[in-house]
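Structural features, examined
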Amino acid sequence: LKPVQADLKTIQNISTHGEVASIMGDPTMGVRAPVGGWVDVDAKDIENYIFYLTQSGLGMPNRSYYLDEGDKEDEKRAAYVTFLETMLREAGLDNVESRAAAIMALETEMAGSHWEPAKRRNKSLTYNKMSLDELKAYAPGFAWESMMKSAGLNDQDTFIVRENDAIKGLAETFGDTPVNVWKDYLTAHYMSSMAAYLPKTIDDARFKFYGTALRGTEEQRPRWKRAVGQLDNFMGEMVGKVYVKEHFPQASKDQMLDLVEN
């Protein structure tokens, strides 16, 4: 764990909600947060780009994994809690059962604020333009300024708030949740996001949950294939140029241009 000890120490040294939000906004940390986002073309002002804010923060795919009833759902939730325990234990924390249970309770509360998938597809409902001051007034529970500054977004005039009342509820949960629970939440999700680069025990635990328990995949892809996948993720365009140069002759390009133009 030597390469990540500095980050884990940073998380453990958190003492305020503002510091929690700052870590959540730091793109180098790779942790989850109740609110996420991305840059895209403004849907109602297509000459400009804008930052979209959206509900986030769950370790499982969506709200139904936390709220639906049934034996299969209970099994997945139990497997997720076991996974959280492993992440906390491997990070060197104690009392992992109670800590993981608190994270699960937190994420379940956040899931209760999340919109259902069908509602999220409504383009009218998910276009709510706000200034930072308006956002702070609308959802005051979250440390918006700390997160925005850490994310490099503090100079933005406006944002598109997608699931507006969900984000308002998530902001309230953020402010009501003790800092120590957020520290454990950040630790578990940091370990999960870095699992591919950490000792095999950690990576295996992540695959056992996300690969096997959620998707039914019994066997991890060979390490070399995963390495090639990483290369493609980070340098895909550059690798693509080499591929085209070697395997995509001009005649094939001409054929495709004819097809597209037709």
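Right, let's walk through the structure included here. From a predicted model like this one, the values you see are computed outputs, not experimental measurements.

Considering all chains together, one arrives at eleven salt bridges under this definition. With its nearest N and O atoms 3.5 Å apart, the salt bridge here joins Arg162 to Glu163. Residue Arg162 shares its accessibility class with Glu163, and that shared class is buried.

With that settled, the discussion passes to the packing of aromatic side chains. Within the structure shown, the criterion is met by twelve aromatic pairs. Relative to Tyr80, the ring of Tyr66 lies with its centre 6.4 Å away and its plane at 90°, an arrangement referred to as edge-to-face. In this pair, Tyr66 is assigned in helix H3 (residues 64-67) and Tyr80 in helix H4 (residues 71-90), connecting sequence segments 14 residues apart. This pair shows no difference in class: Tyr66 is buried, exactly as Tyr80 is. Ring centres 6.3 Å apart and planes at 25° place the aromatic pair Tyr80 and Phe83 in the stacked group. Here Tyr80 pairs with Phe83, and both are found in helix H4, just three residues apart, close to one helical turn. Across the pair, exposure class does not vary: Tyr80 and Phe83 are buried alike. The structure contains a cluster of three or more aromatic residues connected by ring pairs, namely Tyr66, Tyr80, Phe83, Phe209 and Tyr210. Taking the ring centre of Trp115 as reference, the NZ or CZ of Lys119 above it sits at 4.2 Å.

Definitions and cut-offs
Residues numbered from 1 in each chain as written. Predicted model: local features only at pLDDT ≥ 70, side-chain atom pairs only at ≥ 80, totals over all residues. Heavy atoms only, no water. Salt bridge = Lys/Arg side-chain N within 4 Å of Asp/Glu carboxyl O. Buried < 20%, exposed > 50% of the residue type's maximum accessible area, 1.4 Å probe, protein only. Phe/Tyr/Trp six-rings, centres within 6.5 Å; stacked < 30°, edge-to-face > 60°. Helix = DSSP H or I, 4+ residues; strand = E, 2+ residues; numbered from the N terminus. Lys NZ or Arg CZ within 6 Å of the ring centre and 35° of its normal.

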